[in-house]
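# Structural description and commentary
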Amino acid sequence: MPDIENVRVRRTSIGRKLAMATASILLFLYVVAHLAGNLKVFLGAESFNHYAEWLRVVGEPLFPEKSVLWIARVVLLAALFVHIGAYVQLWLQKRRARTTRYKKYDPQVFSWMSRAMAWGGIAIFAFVTYHLLHLTFGTAHPDFIAGDAYHNVIAGFQSIPVAGVYAVGVIALGMHLYHGLWSALQTFGINNPKYNRYRRPAAAIIAVLITIGYLSIPLAVLTGVIR
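So, a few notes on the structure that sits alongside this text. (Residues numbered from 1 in each chain as written. Predicted model: local features only at pLDDT ≥ 70, side-chain atom pairs only at ≥ 80, totals over all residues. Heavy atoms only, no water.)

### Looking at the overall build of the chain
- The helix and strand tally for the chain stands at nine helices and zero strands.
- For the chain, the N- to C-terminal ordering of α and β elements is α-α-α-α-α-α-α-α-α.
- A sequence separation of at least 24 residues applies to 68% of the contacts in the chain between residues at least 6 apart.
- Carbon together with sulfur atoms contributes 68% to the accessible area of the chain, which is approximately 14,800 Å² in total. (Helix = DSSP H or I, 4+ residues; strand = E, 2+ residues; numbered from the N terminus. Contact = heavy atoms within 4.5 Å. Areas by Shrake-Rupley, 256 points an atom, 1.4 Å probe, with all protein chains shown as cover.)

Listed below in structure tokens is the structure:
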């Protein structure tokens, strides 16, 4: 039989916030790891292609080729659905509980970034979909060469419109990370007057560094730093 107490906790706003925050941390760790791997493009074609090949064969011979990669993708997809599902449930819960419109706007409670999280999430989802079609599966890449990740990155980002799409997507990701990080820390109980004032600046610094890291790749291609 299911644990009634656990079911009740999952159905509360606290349980949903914890689920959302846990999924957020998992997705955040992936964003950091993915950036670390992508920055290998600055080391040249051999290093970057070796990294891309390692992703395909990691786990061999214990696991078949690409199996660990697909396991990671499934886990990340599940985390994404948990994150989105928890957000939608919390939004609906808040909407049902709100019987009257707010008479006074309080910027401390409802910041513009908080209210833009949903639209930012939609933009990120669209960006990730395009990114997969462009550089992972190659269906949206006019000069895609299977097995040559370095070529695909260089050729892809030589298009200004493509680089622009990536820039918009990465900036949306950075804004989402900023709000999500400090919110997740608060959900996990990291809420103490001694260091509360550092939570937002720390989230901002991390989000900015990640944004700059991702933006540096298309910018380096467009300026000829990597070719």
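Back to the write-up after that little detour.
### A word on helix 7 (residues 149–157)
- Of all nine residues in helix 7, seven are buried; the element is thus mostly enclosed.
- When we look at burial in helix 7, the residues that qualify are A149, Y150, N152, V153, I154, G156 and F157.
- The inward-facing, buried residues of helix 7 abut helix 3 (45–57), helix 6 (117–136), helix 8 (160–187) and helix 9 (196–222). (Buried < 20%, exposed > 50% of the residue type's maximum accessible area, 1.4 Å probe, protein only.)

### Quick word on helix 3
- In this model helix 3 runs 18 Å from its N-terminal to its C-terminal C-alpha over 13 residues, within 8% of the 18 Å that 1.5 Å per residue would give.
- Residues of helix 3 that are buried include every one of F48, Y51 and A52, and no others. The arc that holds the buried residues of helix 3, viewed along the axis, is 95°, so those residues lie on one side. Across from the buried face of helix 3, at angles greater than 90 degrees, the exposed residues are E46 and H50.
- Where helix 3 is buried, its residues touch helix 2 (13–38) and helix 7.
- G59 occupies a position one or two residues after helix 3 and carries a positive phi of about 100°. (Expected span 1.5 Å × (residues − 1). Arc of directions from axis to C-beta.)

### Looking at the environment of V68
- Summarising the element assignment, V68 is placed in helix 4 (residues 67–97).
- Its relative accessible area of 26% is what places V68 among the partly exposed residues.
- C-alpha separation for the pair V68 and R56, spaced 12 residues apart in sequence, amounts to 8.0 Å.
- Beyond its immediate sequence surroundings of up to four residues, V68 is in contact with V58, G59 and F63.

### Section: the pattern of salt bridges
- The tally for this structure, following the rule as stated, stands at one salt bridge.
- As a salt-bridge pair, R56 and E53 come within 2.5 Å of each other at their nearest N and O atoms. Of this pair, R56 and E53 are both found in helix 3, three residues apart, which corresponds to roughly one turn of the helix. (Salt bridge = Lys/Arg side-chain N within 4 Å of Asp/Glu carboxyl O.)

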